Amino acid sequence: MAACSFRRSIASQLSKVLDLPPENLIKSISAVPVSKKRHVADFQLSIASVTEGSSSDCLAQDLNLQAQKLAERLKCDAVVSEISAGPGTVNFTINRELLARTVLQQVLKDGSEYGVKSELFSTVPRQKAVIEFSSPNIAKKFHIGHLRSTIVGNFIANLKVALGHEVIRINYLGDWGMQFGLLAVGFQRFGNKDKLKSSPLQHLFEVYVQINKAAEDENTKKLAKDFFRKLEEHDEQPLSLWKQFRDFSIEEYIRIYKRLGVHFDEYSGESFYQEKSQEVLKMLEDKGLLQKTVKGTGIVDLSEKKDLSSFSTVMRSDGTSLYITRQFLIISFRDLAAAIDRMNKHSWDTMIYVTDKSQSNHFQHLFQILKLMGYDWAERCQHVSFGLVQGMKTRRGEVIFLEDVLNEVRSRMLQNMASAKTTKEIEDPMDTAEKVGLAALIIQDFRGLLSSDYQFSWDRALQSHGDTGVFLQYTHARLHSLEQMHGNEQLTDVNVACLQEPSAISVLQHLLRYDEVLYRSSQDLQPKHIVSYLLTL
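As the structure is a prediction and not an experimental result, all values here were calculated from the model.

Draft legend 1. Representation of the nonpolar core in the model. Phe43 and Phe92 are the most contacted members of the largest nonpolar core, which totals 118 residues. Counting 34 residues, the second largest nonpolar core, distinct from the first, contains Val130, Leu284, Leu302 and Trp348.

Draft legend 2. A look at the packing of helix α6 (residues 179–190) against helix α10 (residues 236–260). Where α6 meets α10, the axes come as close as 11 Å, and the angle between the chain directions of the two elements is 95°. Compared by their axis directions, α6 and α10 come out roughly perpendicular. Here Phe180, Leu183, Ala184 and Phe187 of α6 lie close against α10, whose contacting residues are Leu241, Trp242 and Phe245. Across the contact of α6 with α10, the residue classes tally to seven nonpolar, no polar and no charged.

Draft legend 3. Looking closely at the sheet that holds strand β6 (residues 166–173). The sheet built from five strands is open, its strands ordered β7-β6-β5-β11-β12 with parallel pairing. The open sheet terminates on both sides in strands that have one partner only, identified here as β7 (266–269) and β12 (381–386). Between one strand axis and the next, the sheet turns through 25° on average, direction left out of account. Across six bridges, strand β11 (residues 350–356) lies against β12 in parallel orientation. Bridge pairing in β12 links Ile352 to Gln382. Along the sheet, helix α5 (residues 144–162) makes contact with β5 (128–132), β6, β11 and β12, crossing β6 at roughly 165°.

Draft legend 4. Inspection of unusual backbone geometry at higher detail. Phi angles above zero are rare outside glycine, and Ser135 is one such case at about 50°. Mapped onto the fold, Ser135 is located in the loop between β5 and α5. Unusually for a residue other than glycine, Leu308 sits at a positive phi of about 65°. On the secondary structure map, Leu308 appears in the loop between β9 (298–301) and β10 (311–315). Residue classification places Leu308 among the partly exposed residues on the basis of a relative accessible area of 37%.

What counts, and where the lines are drawn
Residues numbered from 1 in each chain as written. Predicted model: local features only at pLDDT ≥ 70, side-chain atom pairs only at ≥ 80, totals over all residues. Heavy atoms only, no water. Core = buried A, V, L, I, M, F, W, Y, C linked by side-chain atoms within 4.5 Å. Buried < 20%, exposed > 50% of the residue type's maximum accessible area, 1.4 Å probe, protein only. Axes fitted to C-alpha atoms, helices over the stretch in contact; angles between N-to-C directions. Helix = DSSP H or I, 4+ residues; strand = E, 2+ residues; numbered from the N terminus. Parallel < 35°, antiparallel > 145°, perpendicular 65-115°, else oblique. Contact = heavy atoms within 4.5 Å. Nonpolar A, V, L, I, M, F, W, Y, C, P; charged D, E, K, R; others polar. Pairing = 2+ DSSP bridges.

Laid out in structure tokens, this is it:
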């Protein structure tokens, strides 16, 4: 990595002056953000990072004075052509021809792996990560939260794979519970086997809406309860119908996820943990963690003083475990069983759950209970939360299914392409419109902090100019076209004398920063660092 060799060279000189090992200084030397308005150095050392005691103990003027004194003790060499002091920093400018040659040679050598081989990652151990994301409920709306979980989880998985980690992607479906009794009764009344095969998600949703209107009827409620009871008892006929609902739904999910460029290693679900959840119940009882309220509800005390100032509900008063209950801050035995089972099955180093921020307390309680049960690995569980998206609707109205969103993206992008004067004739406009539109959707979502809520705008997302995914894709296409125009041959030599004007230096400086951007995203799992980097580039 080009930046690595420069950091090492600067660290080597600094270590002699500061009497510190070079390896202790490398991470304190960072590439300077690119400025289009003025000349900037290439690297800087923050004085506070190498000063004993915290930076808050030092006045800004003291840090500035220390930076000035350190800069005066350092000398330029074959690598560094200029050294200067800034506000609490020492700045280093790399020899311009060496900068151009080293960066371009590294880019050509590493190709798509440029940045990931940086020594910034040398102390980061390769890990096995389990990532649970997307996780829609069968027969219910695939709402925008599921879409956001899908693209955020996929980003985290792709980033970890690119950095050499082993990743297991799990889609934990809402595929169990009393609603399936109601759905089965509805299917018997309103269902159509052909529609179930051809469009399972749409058809099951329609059936569910219809039967919910009749759910107040006591006979309907009784039939639904009877069906679900038989399902829990593994009665062959109800189990067969439930399996059809699940299997056809997963087949359609796979087809739709493929359009998004998303895949899963496992389609798990609440149904998998029906029996294992009883084992969890017994463990909680054996460890004395399960308590009963006056009303008979099962709870686990999470308070430090054991005064029930903080607790989590895990069981109804009738003794049954809770199913799809994350949104109510109630812990399901199935969530506990799933976490334990995944550790037994995969021996993971870290497990990440990607859901909206309204479920933060749920996961905090889940991890606390696992730790109380004696599972120290609960500390290696992580909840990556995201904010709410408002205003995403199709022309027909409310977003219901993921495919509605994908079709809307493609339709709007096709319309924009048809009306644009610069659009060239392309082989498959439908495919191009979908890919460019999806990039626009993802870039708009990833521009800010994941935890932030934002107002979605189709017009803003699909703009062809400015900081948008469409402009990013168009820029990539133009660069690819230039490659093809010039034969797309592998360069063996570069005339760096032609790359000394400010605009060329600015691009080289930006390429120099890429490993730091990757490292930052790998640490906080925020895609905005990479998106901002690409838009600036």
